[in-house]
Structure formats: structure tokens, C-alpha cells
Amino acid sequence: MKYLVLILSFFLISCSSSKSPVDLAVESKVFHYGNGTEPQGLDPHIVTGVPEHHLLLALCEGLTSSNPRGGESLPGSASSWTVSEDGKTYTFYLQENGKWSNGDPVTANDFVWSWERILTASLGSQYPDMLYSVVNAEEFHTGLISDFSMVGVRAINEDVLQVTLKEPTPFFLGLLSHYSTWPVHKPTVLEHGSIDDRNGQWTRPGNFVCNGPFNLKSWELNKKIVVEKNPLYWDANIVELNEIHFYPISNEMTEERMFRAGQLHVTNTFPSNKCEPDIQEKNPNLQIHPYMGTYFYRFNTKNEALKDVRVRKALAYSIDRKKIVESVTRCGQIPAYSFTPPGSNGFFPDTKIPFDVELAKSLLKDAGYESGESFPVLEILFNTSEGHRKVALAIQQMWQQNLGINVELVNQDWKVYLSREMIGDFQVSRAGWIGDYEDPNTFLDTLRPNRGNNKTGWDNYEFDNLLIKANATLDTEERYKILMEAERLLIDEMPIAPIYTYVRVYQLHEDVKGWYPNILSHHHPKYLRIEND
Amino acid sequence: MLSIFFKRLLLAIPVLIVVASITFFLVRLAPGGPFDAEKAVSEQVMKNLNEVYNLNAPLSEQYFDYMSGVLVGDFGPSFRFPGRSVTELIMTGLPVTFELAIYSMLIALFIGVLSGVIAALKRNTFLDYIPMSIAMIGICVPTFLLGPLLVLIFGINLELLPVSGWDQLPGDKILPSITLGFAYAAYIARLSRGGMLEILNQDFIRTARAKGLSETRVITKHAMQGGLIPVVSFLGPAVAGLLAGSFVVETIFQIPGLGRFYVEAAFNRDYTMILGTTIFFSFMIVVFNLLSDMLALWLNPRSRDV
């Protein structure tokens, strides 16, 4: 027993004298990254999540690259590009010294083959629609044509890629910052499977070949993924980090403790119940920035009561958004009065959603519900989460008090919630949408008729035509006017009730430099530095 | 004894088949599928995905396909992690969970048996009350409270031990093993105290003492062999419980074990992964129960004839 205590004490003392990983990083240039959940994989044509995006930013590169400060895309695999006058033909000139991590040159044909791969139906990619604006891409994916040479992407020569679009798509360069449009190394993919093999082993350490600023070094499931600097990357001179360690940490409390113990430079999230006290205590590491996402409630417009726009407006007008962000979410969220978050690539919607109980009551009366009691019991569907529950409770109370209607809360497991939303088995459901690229289209497009993400049953062809018109308009000012009209129409019809604009809340260590807040929260690792002030 | 062992082992086969079949149909009954996501995929994409994983085939066909795969040890591909098979995922998480379970069990046995035996010997004194009160607290305090509490004290305030990880920083295995082991230590302490008290009143103990054997020898050689039988019977379910129930500790301490795969598979509707881990854990529970029964039989000659 005596020896045991002695050994244990020695062990504890030896542990306490060691420096934390973050302290050591100033010398070693190893960045410790809290990355949410375990990534599904590293194949850019198959994966779908945000943790995967963080990893792929380090490992691979598309034609354009995310701007660390947000806004206009920067050159990536393509050093420059030109757009034809009609806005339908893009010509990309690839980097002269663009190389795959095995030393092969990155060629225009690599892109052609990669786009053929993601559009191959049997691969089962979940993001082929990112390329649907390319001529015949949708037709190839849905099997209407089988000859890929008819699709509007071709290699003029080794270094020049030409893309032809159906319509001038002003946000096309933004789409290219999404990993589903990025290239994969054909010989490597084919060495470990066929073009449509989802289970190919090419993404394993040792096999993995890509063209980003870092190489895959090791991958331990549920533990960490290590990437190391790629000396063959065309812009390798700018890369200062030697390694990045990505930790899949699904528990926000664990992540917060790891940050406090010096095991992480950046966290993926922050415990919401700690937010307010930490804001008051002025935690210097706490970061709160506007995010291109909207928290909203969907109305099922096929529902007997909710098909009346006056009812939907009455419900939306009786929500006190300011109170929700100040008393419920309490972490810097911004009340939302439009679906598209303000500031999406310079787009600031001017729509208003008043908090006006009298107006709401009279709208409800006009709709035939003299008193709230005659209104059928309304259900709010949400998935299991303390945050969603609190918001739902607040809104339940507001509707009951302001309109006198009966509201019930329905809490479901994530997949049950998704499936009920999908088949329209709900009245009101909580929802959130995060933009895929920095343009209002990524929001408004989801509410067009026949879009899988609409889920409200609202099919307004006037709205649809406005978006089609906007997508064909090259002049940004003119285009934003049309989109503004669409946004006003949407808020006037109210198939959804925006609640608040998301903020990104996380902790960042003071040694980290080159990390700039931006609305998409894309932080390209090639610009990151670790310096002790 | 050997025949009992093989008979019990044979009985495990139908048990596992029933567990696998029930799980197979239950997971399919649950609403939502593996590819449902916040960003809805188009019908075309869903059709493609279902084709890739043969989910369009009639359920009976899928069932027989799956079961015939299991018979040859193939648990199929994971839906959540393309490119990884369920067997690979289990084999990745198992060694970690197993190691955690062993350390926790050793801690539990050391603390539990020691305090239980002392408490029985010093019955109705402070040496009985204090360990038994701590044991009661150990049973009542859940791991999701004890874990963060230990982390706060030893990891954040005293900065003595890492707050998370497994095999990454020196000493990172100490806190999770203590957290997981503590609850079991409490059970073992109470069981060994009870067992020892019963044995210490037996005639053969008095005889041993009368023969002039030293107290240490009486306790270690005679009393403990019988007094710890309840603990041995508890070990089987306890090890199985440690393996299958380490999810909370794995999450708190960021440990890449099997428990996290199991629970997350259920949330993700990763059909093959749910089935694979369920079958595997059932197998483990059957085996460890069997082993502890065998050990109890060996320790207690009277029950061998039954």
C-alpha cells in the first residue's frame, strides 16, 4: 500500500510538471482543433458535414479557395479565371505548379473526371445538385443522358478548364468553395475501387492523395486525425503550421474542460448555459460572431388552420423575438426579421415582422377564430435539445398568452423529427438553415416549390419566378432588388417564421493568429499561425 | 463441469439468434432512416443510396442476407462511415473499452474487497461505518457527476491529471478508470462485507481459530474463499456492464471506445452498426455470465453436484 501511494504520487507529480499541448505548440507549430463529431469520412464527394469540411479545407482544394476574411473567393487550384459576357462560360486557368500530394500535376482533366464521379448516380453522393447549374449535369445525374462529354465541363488543355452553365449563375464561384465540387486523384481512387465505389479505401492514411496544404498523417477513430504540412502544395510558403490535430469531441462540456486545460486552441462550440456568465466575466477567449444561419419555425401550409396566411401572420406577429434572444438563448443571437440573414454577401433584407399582439389578434379574428379557444390545439414539433425546448416553451407561452390558443410541445428524437417533417406530419416545427455559400440564394432557393428542403407545402410560383429571374441577372444590384422582392413576398406569405440569426460561439486561444471571424465561419488553415505575444 | 460449460455455450446460440432477429426488425420499425438529414436529399439521391446499400429489397430478403453474413462473421458495411465495416469499427473500439473495463474492475476489486473485508472484521466500528457510507455514496452518485467532479478537482484546479483523452497524455487513463470503477467498488464492498459476515459466523472459522491459526491465515485462507463468492457471481454481469455501459465515461473523457459507437449508431440509424454492436455485446454478456458462473462453481464445491 505504501509503495502504491508512493508510485501514484510520483506519477501525479511528474504529470503536473509537463507543459500543456497548447503551451508546446508555440515551438512545435502544432494546432489543436476541437472538431465536433467523428467525421463520416474524407471523400469530398460522399461526406456531408461541417467537421468534414474543416478537415477537407486542410487536405484538398477546389478551383477557388475560401477567403479567410469572408467575401470574394480567392484563387485555389485555379490561379485565375474569366467569365464570358453572357455569364454562362467560365474559363479557369490552373496553377502552374499545382501538384497532388504524390507529386503528380493537377490537371483540368482531374476536374472533369471528379465532376463525372460526383454526378454518377450509383456513387450515391448527397450533393450532386451543387453542380446542377452546369449544362446537362442534372440530366446526366438523373440518367436522361449517359454520355458525360455532353456535360458542360471540358479540359481545353492540361491547364485550362472550361465550364458552361445553363443560366448565368452569379453565385457559381461561391458554389466552388463547397467541397463537393473539389477534385479527387483519379489513379488513387481507381486503385482502391471503381468510380462509384463508396467504400473504397483511398481515404485511409498511406493511401490518401489530395491537393491541399496539408497531408493526411494518421487517423485514429474517435480519437484524432493528424494532418501535416504538404511541401508540394503550390502555396506552401504561406503555410506556417507543421501539423493540425483534429479531435472529434461530441460533448461540449468535455470540450470546454479540454480548452481550459490547454489541450485545444479552438473549440467547436461552447456550453450555452455558461454563455451569459462568461460574457459578464469578459472571458477573453470567448468568441461570438454572426453566422450565416437562421433559426425559424416552419408552418405546415397544408394544415387546415395554417393554410390561411392570416393565421400564420398572427402566429409570427405574436412572437417577441427580442425577448427570446435576451431571456432564452442569451448568447448574442440576433432577432431575425427575414429568412436570409442580413449581410449575406452585401444583401441586407428590409423586411419587418412586427411584434404586435393587437394586430395578431385581429388577424386571427379575420381568419374566423373569434377567440383563441375556437382555434384547434397547435403542436410544436422539435428535436431533443435543451435549447430547442426552451425556445419552444417561450413561444408556447407567448402564443397562449397573446392569442389565447392551446399549444402543445412534441419532442422527438432527431431521426423521428426529420422523418415527420419530411412526410408533412407536423403543424409547426422548429428548423434551422445554415448557408452553403455566401449568397442569399442558398436560403431563398430552399423555399421554392418542389425543393426537398421546403417541407412547408408552400408552393408559390411567383416566388419561384423571381428566383429564376434573379439567377439569370448578372448585375448584382439589379439581382439583389429581385431577391429583395422575393424576400418581401416570402415574409408577406409567412410559410416560415424567422426567430433569430445564429451566432457562432466558441473559444479561441490568444496565441492563434490569422483566424478572422466571417459569416460562413470558414477558417482556412493555411493562413493560421501560432505566436506568443 | 466441462459438460455444463458446453451445454451453456450451446444454449447461447439460440439466444443470440433471437437477439439479432428482434433487433433487426426493431431498428427497421423505428421512424427515420440512416440517410435522413437536416438538408433533405432529393428522391433521386435517396433512391441511389438505397440501391447502394440494398435497402430497396424486401425486408425478408435483407434479413436472410444479413443473417447469412453474420454466420460467416460479416457484419456488413457501416452506413454512417462509408468505407468502414462494422467489424473494423468494433475491433477499433473494443481494445480501448476492454482496457478501460479491466482497469476499472481492478480498481473496483481492490477498493471494494479491501474495504468490504475490513468492514466485516471491524463490524459496527468506524472502520465499518465509514467505508460503507462511502460505498453508499458511490452507488448513488452517477458517473456523469463523479467524472466531471474529479476532472474539476484533479484536472482543472490541481492541474495534476489530463482532463480527457486515452493514450495521448501521461496519466490520462487514471481519472476515467477511477470514475467507472468507483460505482462498482461500492457494490463489491457491500457484497464482500455481507459475504464475509455470513462466513465469519460459521463453525469452520471457529475451528480454524481454535486450531491456533493466525488471524490473517483464517481470513485469507478460509473466510475469503467462501465470503467472496457473491463478489465472483457479480463479476460476470459487472464486466459485461462495464463493457456495454462505458458510454458515459467514454463521452466525458473523450475515449475512443465501443460505447460511443454503440449509442451514436442508434441515434444515426446506422442499421448494421446497431446490429453488429448489439450482437457483440449480447455475446459478451453471455460469455462473462458463463465464466463467472463457472468460477463460482469452482470456488464452491457444494454447488458442483447440483
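A brief look at the structure comes next.

1. Examining the packing of helix 7 (residues 174–200) of chain B against helix 10 (residues 229–244) of chain B
Describing two packed helices takes the angle between their axes plus the distance from one axis to the other. All names here are of chain B. Contact geometry of helix 7 with helix 10 gives a least axis separation of 9 Å together with a crossing angle of 165°. Taken together, helix 7 and helix 10 sit at an angle that is classed as roughly antiparallel. Where helix 7 crosses over helix 10, the handedness of that crossing is right-handed. Listed contacts from helix 10 to Leu180, Tyr184, Tyr187, Ile188, Leu191, Ser192, Gly194 and Gly195 of helix 7 are Ile229, Pro230, Val231, Phe234, Ala238 and Leu242. Its residues assigned to classes, the contact of helix 7 with helix 10 comprises 11 nonpolar, three polar and no charged.

2. Re the interface of chain B and chain A
Contacts between the two partners involve 39 residues from chain B and, on the opposite side, 44 residues from chain A. Where the side of chain B that touches chain A is concerned, the elements lending two or more residues are helix 2 (43–52), helix 6 (143–157), helix 11 (247–252) and helix 12 (258–268) of chain B. Ranked by the residues each element gives to the side of chain B that touches chain A, the list is headed by helix 2 of chain B, at five residues. Broken down by class, the residue content of the side of chain B that touches chain A amounts to 22 nonpolar, 11 polar and six charged.

3. Focus: the environment of A:Arg204
Checked against the element boundaries, A:Arg204 lands in the loop between helix 7 (186–191) and strand 8 (214–220). For A:Arg204 and A:Asp43, which are 161 residues apart along the polypeptide, the C-alpha to C-alpha distance reads 9.9 Å.

4. A closer look at the nonpolar core
Formed by 192 residues in total, the largest nonpolar core has its most connected members in A:Leu59, A:Ala497, A:Ile499 and B:Ile188. Tallying contributions element by element places helix 7 of chain B first for this core, with 14 residues. In contact with A:Ile499, other than residues within four places in its own chain, are A:Tyr295, A:Phe296, A:Tyr297, A:Ile319, A:Arg321, A:Ile324, A:Ala336 and A:Val391. Counting 18 residues, the second-largest nonpolar core is a separate cluster that includes B:Leu258, B:Ala265, B:Ile274 and B:Leu275.

5. A look at the sheet that holds strand 10 (residues 243–247) of chain A
Sheet strands associate in pairs through backbone hydrogen bonding, adopting either a parallel or an antiparallel arrangement. All names here are of chain A. Taken in spatial order, the four strands of this open sheet run 1-10-9-8, and their pairing is mixed. Here the strands that pair on one side only, and so sit at the sheet edges, are strand 1 (30–34) and strand 8. Across the sheet, the mean angle from the axis of one strand to that of its neighbour is 20°, orientation sign disregarded.

6. Digging into the packing of helix 4 (residues 86–121) of chain B against helix 12 of chain B
Residue and element names in this part refer to chain B. Where helix 4 contacts helix 12, the two axes come as close as 7 Å, and the packing angle between them is 135°. Considering the angle they form, helix 4 stands oblique to helix 12. Contacts between helix 4 and helix 12 pair Leu89, Ile90, Gly93, Leu94 and Thr97 from the former with Leu258, Gly259 and Phe261 from the latter. Residue composition of the contact of helix 4 with helix 12, grouped by class: five nonpolar, three polar and no charged.

7. Overview of the sheet that holds strand 7 (residues 160–164) of chain A
All names here are of chain A. Pairing is antiparallel across the open sheet formed by four strands, whose spatial order is 4-5-7-6. A strand with exactly one partner marks an edge of an open sheet, and here the two such strands are strand 4 (78–83) and strand 6 (153–157). Taken over all neighbouring pairs, the strand axes of this sheet differ in orientation by 25° on average, direction set aside. Of the strand pairs in this sheet, strand 4 and strand 5 (residues 89–94) are connected by five bridges, and their pairing is antiparallel. When the bridges of strand 5 are listed, Ala78 appears paired with Leu94. Contacts from helix 4 (residues 108–118) reach strand 5, strand 6 and strand 7 within the one sheet, and its direction differs from that of strand 6 by about 165°.

The rules behind these values
- Residues numbered from 1 in each chain as written.
- Chains lettered and ligands numbered in written order.
- Predicted model: local features only at pLDDT ≥ 70, side-chain atom pairs only at ≥ 80, totals over all residues.
- Axes fitted to C-alpha atoms, helices over the stretch in contact; angles between N-to-C directions.
- Helix = DSSP H or I, 4+ residues; strand = E, 2+ residues; numbered from the N terminus.
- Parallel < 35°, antiparallel > 145°, perpendicular 65-115°, else oblique.
- Left-handed = near helix turned anticlockwise from the far one by under 90°.
- Contact = placed C-beta atoms within 7 Å.
- Nonpolar A, V, L, I, M, F, W, Y, C, P; charged D, E, K, R; others polar.
- Core = buried A, V, L, I, M, F, W, Y, C linked by C-beta atoms within 7 Å.
- Buried ≥ 20, exposed ≤ 12 C-beta atoms within 10 Å, placed from the backbone.
- Pairing = 2+ DSSP bridges.

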